[in-house]
Amino acid sequence: MIKRILVVGGASGIGLAIAEEMALRDSTEKVYVVDKAYFQEQYSHPKIDFFQFDLTSLDYSFFDRFEDINALMITAGFGRLALFKDVSEQHIIELFNVNTIPVLRLVRRFYEKIEGNDNFYCGVMDSIAGWMSSPFFAVYGATKAALKIFIESVNVELLKAGTTNRILNVSPGTIKGTGFYAGKTDLNELHELTVDIIDHLEKKDDLFIPKYDEIYKTVLQRYQENFREEGVHSYEYKQNSIR
């Protein structure tokens, strides 16, 4: 059972929803929220402690203060629809420095807990874009595909190490109620997904694709059968959504 959780990227979106949901549970003792963005006063709670930190920092000794946690949820990340030809080199660097590298660094920093015999719950917000070609999201998809392979590989290492702990890969498609597309966080709209994520996290599952049976099982099958054709379909779908 989760007692003390660190939510990295918890000032908005699904990270905030998870932090708020955990704070409301009687079994939760403390929720640590770390984000570059400021934690809005309207979401304050006696169990929530907020810390401001830029994940692109070279020095991660900041995270040494969270030695008492038994759960880590990493939700930080961003992206935007754009053709690769319109993406700057700086944007490429920023995407990997926020979406990918911090996950590897944080998992490494808490790896002794993850690999240990005591229960430890670890989850990462990935994306369905990391499972298939995603035109208009080429760089974003690359940052998420790297996480997919990383999580799968480390989970095998954890299995062979003899621990029951796993890293949960949460790979949704579009999520309504987040600020991903410069919108506002809507905790009510995110509630059902939030509860599902926490449930999978506490079960120590290694993968959760929301709406898998309804949508993504068929999409992934089509992609496996003909990734070129499915890539063209994805391009046209996003092009129409932009219009």
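Right above here is the structure, for reference.
This structure is a prediction, so every number in the text was calculated from the model and none was measured.

Reading the values: the criteria
- Residues numbered from 1 in each chain as written.
- Predicted model: local features only at pLDDT ≥ 70, side-chain atom pairs only at ≥ 80, totals over all residues.
- Heavy atoms only, no water.
- Helix = DSSP H or I, 4+ residues; strand = E, 2+ residues; numbered from the N terminus.
- Rg over C-alpha atoms; globule rule 2.2 N^0.38 Å.
- Buried < 20%, exposed > 50% of the residue type's maximum accessible area, 1.4 Å probe, protein only.
- Contact = heavy atoms within 4.5 Å.
- Areas by Shrake-Rupley, 256 points an atom, 1.4 Å probe, with all protein chains shown as cover.
- Lys, Arg positive; Asp, Glu negative; His and termini not counted.
- Charge placed at Lys NZ, Arg CZ, Asp CG, Glu CD.
- Arc of directions from axis to C-beta.
- Phe/Tyr/Trp six-rings, centres within 6.5 Å; stacked < 30°, edge-to-face > 60°.
- Pairing = 2+ DSSP bridges.
- Axes fitted to C-alpha atoms, helices over the stretch in contact; angles between N-to-C directions.
- Salt bridge = Lys/Arg side-chain N within 4 Å of Asp/Glu carboxyl O.

Caption draft 1: Focus on the overall build of the protein chain. When you go through the protein chain residue by residue, the secondary structure sums to eight helices and seven strands. Against the compact-globule benchmark of 18 Å for 243 residues, the protein chain has a radius of gyration of 18 Å, which places it among compact chains. Seen along its three principal axes, the alpha-carbon backbone of the protein chain occupies a region of about 50 × 45 × 35 Å. Counting only residues that meet the buried cut, the protein chain has 49% of its 243 residues in that class. Contacts in the protein chain between residues far apart in sequence, at least 24 positions, make up 69% of those at least 6 positions apart. About 12700 Å² of surface is accessible on the protein chain, with carbon and sulfur atoms providing 50% of the total. Where the 27 positive side-chain charges of the protein chain centre and where its 35 negative ones centre are 2 Å apart.

Caption draft 2: Looking closely at helix α7 (residues 212-225). Every buried residue belonging to α7 is among Tyr216, Val219, Leu220 and Tyr223, and all of these are buried. For α7, the angular spread of buried residues about the axis comes to 95°, placing them on one side. Turned more than 90 degrees from where α7 packs its buried face, Asp213, Glu214 and Glu225 sit exposed.

Caption draft 3: Spatial organisation of the packing of aromatic side chains. What the rule picks out here adds up to 17 aromatic pairs. Ring centres of Phe53 and Phe63 lie 5.2 Å apart, and the angle between their planes is 80°; this geometry places the pair in the edge-to-face category. Residue Phe53 is located in the loop between β3 (48-52) and β4 (71-74), and its partner Phe63 is located in the loop between β3 and β4; the two are separated by 10 residues in the primary sequence. Looking at Phe53, the relative accessible area reads 11%, which means it is buried. A relative accessible area of 1% places Phe63 in the buried class. Between Phe136 and Tyr235 the ring centres are 4.9 Å apart and the planes differ by 45°, which places this aromatic pair in the tilted class. Within this pair, whereas Phe136 is found in the loop between β5 (121-125) and α5 (138-161), its partner Tyr235 is found in helix α8 (residues 227-242), the two being separated by 99 residues in sequence. Residue Phe136 is classed as buried on the basis of its relative accessible area, which comes to 9%. Through successive ring pairs, a cluster of aromatic residues spans Tyr32, Phe51, Phe53, Tyr60, Phe62, Phe63 and Phe66.

Caption draft 4: Up close: the side chain of Lys148. Of note, Lys148 is situated in helix α5. For Lys148, a relative accessible area of 14% corresponds to the buried category. Once residues within four sequence positions are removed from consideration, Lys148 is found in contact with Asp126, Gly130, Trp131 and Asn169.

Caption draft 5: Broad picture of helix α3 (residues 101-109). Looking at α3, one finds that the buried residues are Pro102, Val103, Leu106 and Val107. All buried residues of α3 fall inside an arc of 130° around its axis, so they share one side.

Caption draft 6: Broad picture of the sheet that holds β3. A sheet is described by the order of its strands in space; here seven strands give the open sequence β3-β2-β1-β4-β5-β6-β7, paired in parallel fashion. The two strands at the open ends of the sheet, each matched to only one other strand, are β3 and β7 (207-208). In this sheet, β5 lies alongside β4 in parallel orientation, the contact comprising four bridges. What sits directly across from Ala71, in β5, is Tyr121. Across the sheet, α5 lies against β5 and β6 (167-170), angled at about 155° from β6, the strand it touches most.

Caption draft 7: Geometry of the pattern of salt bridges. This model, assessed by the stated rule, comprises 11 salt bridges. The partner of Asp64 in a salt bridge is Arg109, and the shortest N-O contact between them spans 2.7 Å. Of the two residues, Asp64 sits in the loop between β3 and β4 while Arg109 sits in helix α3, which places them 45 residues apart along the sequence. You can call Asp64 partly exposed: its relative accessible area is 46%. Look at Arg109 and you get partly exposed, because its relative accessible area is 36%. Linking Lys113 and Glu67 is a salt bridge whose minimum nitrogen-to-oxygen distance equals 3.7 Å. Of the two residues, Lys113 is situated in helix α4 (residues 111-115) and Glu67 in the loop between β3 and β4; the sequence distance between them amounts to 46 residues. For Lys113, a relative accessible area of 23% corresponds to the partly exposed category.

Caption draft 8: Here's a closer look at the environment of Val33. Tracing the backbone through its elements, the reader meets Val33 in strand β2 (residues 30-35). Taking relative accessible area as the criterion, Val33 reaches 0% and is therefore assigned buried. Along the chain, Val33 and Phe53 lie 20 residues apart, while their C-alpha atoms are 9.9 Å from each other. Beyond its immediate stretch of four places on either side in the chain, Val33 contacts Val7, Gly10, Ala11, Ala19, Phe39, Ile48, Asp49, Phe50 and Phe51.

Nothing here speaks to function; it is geometry throughout.
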